[in-house]
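Inside the fold
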Amino acid sequence: MAPSDRNPGYPVEAALDRAELTSKHSWEYGTTAQALLEHYSAELSIFSPNPLPSGHVPHISNPRTIPSLAYASKHISTTGPTLLPADKIGVADPCNLGVSALLLGQSNPDYLNAARRQVDFVLHTAPRLSNGAISHRTDVSEAWADFVYMLPPFLAYAAVAFHNVRLLHEAVKQCELYRELLIDNDPDSPSRGLWRHIEGEMNEDKGFWSTSCGWAAAGMARVLVVLIHFPAPDLLLSEFQGELKHAEENLTSWITEILDGAMRTDDGGEGTGLLRNYLANDPFYFPETAGTALLASVVYRMTALAPREFHSQSAYVKWAEEKREAVAKCVDEQSGISWPTCQSTDHRRRTPLEKGEINPEGQCFLVLLGAAWRDWQDKER
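The following refers to the structure shown. Since we're looking at a predicted model, the values are computed, not measured.

**Some details on the overall build of the protein**
- Each helix and strand counted, the protein has 15 helices and 2 strands in total.
- For the protein, whose C-alpha radius of gyration is 19 Å, the value lies close to the compact-globule estimate of 21 Å for 381 residues.
- Dimensions of the protein along its principal axes, counting C-alpha atoms only, are 50 × 45 × 40 Å.
- Going through the 381 residues of the protein one by one, you find that 63% of them count as buried.
- Partitioning the contacts of the protein with sequence separation of at least 6, the portion at a separation of at least 24 is 71%.
- For the protein, the exposed surface amounts to about 14,700 Å²; the carbon and sulfur share of it is 48%.
- When the 33 basic and 49 acidic side-chain charges of the protein are each reduced to a single mean position, those positions are 2 Å apart.

**Description of helix α7 (residues 152-161)**
- Burial analysis of α7 places 10 of its 10 residues in the buried class, the great majority of the element.
- Taken together, the buried residues of α7 touch α4 (98-104), α5 (109-124), α6 (147-150), α8 (165-182) and α9 (210-229).
- One or two positions beyond α7, positive phi appears at H163, with a value near 50°.

**Considering the state of the cysteines**
- With the rule as written, the count across this model stands at 0 disulfides.
- The thiol of C95 is unpaired, and the distance to the nearest cysteine sulfur, on C175, comes to 13 Å.
- Classification of C175 as buried rests on a relative accessible area of 0%.

**Focus on the pattern of salt bridges**
- Inspection of every chain in the model, using the stated rule, returns 18 salt bridges.
- Residues R137 and D139 are paired through a salt bridge, measuring 2.8 Å at the closest nitrogen-oxygen approach.
- Taking relative accessible area as the criterion, R137 reaches 14% and is therefore assigned buried.
- For D139, a relative accessible area of 43% puts it in the partly exposed group.
- The shortest N-O distance in the salt bridge between E239 and R166 comes to 3.2 Å.

**Section: the side chain of S212**
- Topologically, S212 is positioned in helix α9.
- Judged by relative accessible area, S212 falls into the buried class, the value being 0%.
- At a separation of 3.0 Å, a polar atom in the side chain of S212 contacts the main-chain carbonyl oxygen of W209.
- The residues touching S212, leaving out its near neighbours within four places in the chain, are A145, D146 and H197.

**Describing the environment of H197**
- Its location among the elements puts H197 in the loop between α8 and β2 (198-199).
- Counting along the chain gives 11 residues from H197 to F208, while the straight-line C-alpha distance between them is 5.8 Å.
- Ignoring any residue separated from it by four or fewer positions in sequence, one finds H197 in contact with A143, W144, A145, D146, L182, D205, G207, W209, S212, Y278 and H347.
- One polar contact links H197 to D205, side chain to side chain, over a distance of 3.1 Å.

**What to know about the packing of aromatic side chains**
- Evaluation of the coordinates by the stated rule reveals 6 aromatic pairs.
- Taken together through their ring pairs, the aromatic side chains of Y149, W215 and F365 make up a single cluster.
- Taking NZ or CZ as reference, R222 lies 4.5 Å from the ring centre of Y149, over its face.

**Points about the packing of helix α2 (residues 26-40) against helix α15 (residues 360-380)**
- For the pair α2 and α15, interaxial distance at closest approach is 9 Å and the crossing angle is 25°. It follows that α2 is roughly parallel to α15 by the angle criterion. Note on packing geometry: the crossing formed by α2 with α15 is left-handed. Residues W27, E28, T31, T32, Q34, A35, E38 and H39 of α2 touch α15, and the partners they reach there are P360, E361, C364, F365, V367, L368, A371 and R374.

Criteria and thresholds
Residues numbered from 1 in each chain as written. Predicted model: local features only at pLDDT ≥ 70, side-chain atom pairs only at ≥ 80, totals over all residues. Heavy atoms only, no water. Helix = DSSP H or I, 4+ residues; strand = E, 2+ residues; numbered from the N terminus. Rg over C-alpha atoms; globule rule 2.2 N^0.38 Å. Buried < 20%, exposed > 50% of the residue type's maximum accessible area, 1.4 Å probe, protein only. Contact = heavy atoms within 4.5 Å. Areas by Shrake-Rupley, 256 points an atom, 1.4 Å probe, with all protein chains shown as cover. Lys, Arg positive; Asp, Glu negative; His and termini not counted. Charge placed at Lys NZ, Arg CZ, Asp CG, Glu CD. Disulfide = S-S within 2.5 Å. Salt bridge = Lys/Arg side-chain N within 4 Å of Asp/Glu carboxyl O. Polar contact = N/O pair within 3.5 Å; in protein donor to acceptor, adjacent residues only side chain to side chain. Phe/Tyr/Trp six-rings, centres within 6.5 Å; stacked < 30°, edge-to-face > 60°. Lys NZ or Arg CZ within 6 Å of the ring centre and 35° of its normal. Axes fitted to C-alpha atoms, helices over the stretch in contact; angles between N-to-C directions. Parallel < 35°, antiparallel > 145°, perpendicular 65-115°, else oblique. Left-handed = near helix turned anticlockwise from the far one by under 90°.

What follows is the structure, given as structure tokens:
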């Protein structure tokens, strides 16, 4: 399938349908809601040209007409201490429904109060690591790179909804603390700039899982765009003005580090053009679509957020175009299912899922890639 004005070379809506049908975990619900929002309701997405009209979260008079919010409302609890009380061990994962709760909350205070309780839980109840980073889990203090897509973007958006700059400061700070724990900062290593998957005693994973590097880079891009559009008077009058002064530059640098590491360790994936499930030229891991799609999507988003570095003639955009084309060749034109892809709940597995099996988050990444590519195309016209 050739790309067109609204088609990145594969059937985005078929891919999205599969994500909706198969998502069953808290983080998958939130990622599906985000994919639905970016695909069907781009004007409400944080990546729209005017994401915070008059410095506020967009008001939607009838949220059930918005596919993303109609979907999310079925999964969000408005009575529990978190947005998804059934997730007993997740600190960050339920927060992936947080942006949806805040959008729904503009017309229904039950959702706004639920989002407020979720904020209180992560700031005041959730365990923390020794450097102050909020734990990804409740049962053990661990840092997972995945956290950065789930929790900091929610805190940043909540800062707008609740007119609380402290939450934006915390969102940026959590990105910084997670980077401190997970980055490979060896200047002589080809994997420098990449993030290890998990720091912790129970589930430690020192490898550079392409999906988790994508989670981190994509999450920081969502925080960055809130920071760029956050009401200037609120920032200037804030006690955090000094600390946030360089946050835009820092977030851009941290995202770029991950993308540089992915590009540096990209070995062509045995001729497929895909990134391997674990990066850093590990030939024991297979090439796959999920991490490739998510990391490529970040490049297209950065063309709007940092156009000087990510201009259309840059090596970054050239690389993203190559990755998008490689992913497109791996998506079935009828079903929208991508293959080869990883098993997201068994990330260390050495073989991809069987052909026809579905990775729900990976299906969402196809949609996020398509939406980011579409918006870049629109901007280039």
